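Next come the chains, spelled out residue by residue.
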Amino acid sequence: MIDTDKYEGHAEGDWDWDDIDILMDTHGSPIAEMTEGWNTKEATAQLIADAPLLLAEVKRIQQDTLKVVSEWFDSDENEW
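It should be emphasised that the depicted structure is a prediction, and the values quoted were computed from it without experimental measurement.

A. Quick peek at the packing of aromatic side chains. Scanning the entire structure with this criterion turns up one aromatic pair. With centroids separated by 5.1 Å and ring planes inclined at 80°, the aromatic side chains of Trp72 and Phe73 adopt a geometry described as edge-to-face. According to the relative accessible area criterion, Trp72 is partly exposed, its value standing at 45%. Residue class for Phe73 comes out partly exposed when judged on its relative accessible area of 44%.

B. Molecular detail of the sheet that holds strand β2 (residues 22-24). What the three strands build is an open sheet, ordered β1-β2-β3; its pairing is antiparallel. Only two strands of the sheet have a single neighbouring strand rather than two, namely β1 (16-17) and β3 (30-33). Looking at chain direction, β1 and β2 are connected through two bridges and run antiparallel. By the bridge assignment for β2, Trp17 is matched with Leu23.

C. Layout of the layout of surface pockets. Here the largest pocket is characterised by a volume of approximately 160 Å³. Every residue lining the largest pocket is listed: Ile2, Tyr7, His10, Trp15, Ala51, Pro52, Leu54, Leu55 and Val58. Of the residues assigned to the lining of the largest pocket, the class counts are eight nonpolar, one polar and no charged.

D. A look at the pairing of β3. Bridge analysis of β2 against β3 gives three bridges, and the strand direction is antiparallel. Counterpart to Ile22 in the pairing with β3 is Glu33. Connecting β2 to the next strand, β3, in antiparallel fashion are five residues, including Gly28 with a positive phi near 85°.

Basis of the calculations
Residues numbered from 1 in each chain as written. Predicted model: local features only at pLDDT ≥ 70, side-chain atom pairs only at ≥ 80, totals over all residues. Heavy atoms only, no water. Phe/Tyr/Trp six-rings, centres within 6.5 Å; stacked < 30°, edge-to-face > 60°. Buried < 20%, exposed > 50% of the residue type's maximum accessible area, 1.4 Å probe, protein only. Pairing = 2+ DSSP bridges. Helix = DSSP H or I, 4+ residues; strand = E, 2+ residues; numbered from the N terminus. 1 Å grid on protein atoms, 1.4 Å probe; cavity = no way out; pocket = protein on both sides within 12 Å on 5 of 7 lines; lining within 4 Å. Points joined across faces, edges and corners; volume = space filled by probe spheres on them. Nonpolar A, V, L, I, M, F, W, Y, C, P; charged D, E, K, R; others polar.

What follows is the structure, encoded as structure tokens:
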């Protein structure tokens, strides 16, 4: 499993690129800037901007998995 604790304190909210290749948070504060020579393909930029959404999905999947496993262990139908 991915250790999501190492991401605690990251910039919250939806991230988006402004017109000059600067990644901004929802408050308009800069998070990162694309530099010359860096992979500026649209898909890479979108992947970076979607990082908070991807992290939220990983956390959701981990919680769902733990819930299913916990329910399975708590079930009377299990034979140990």
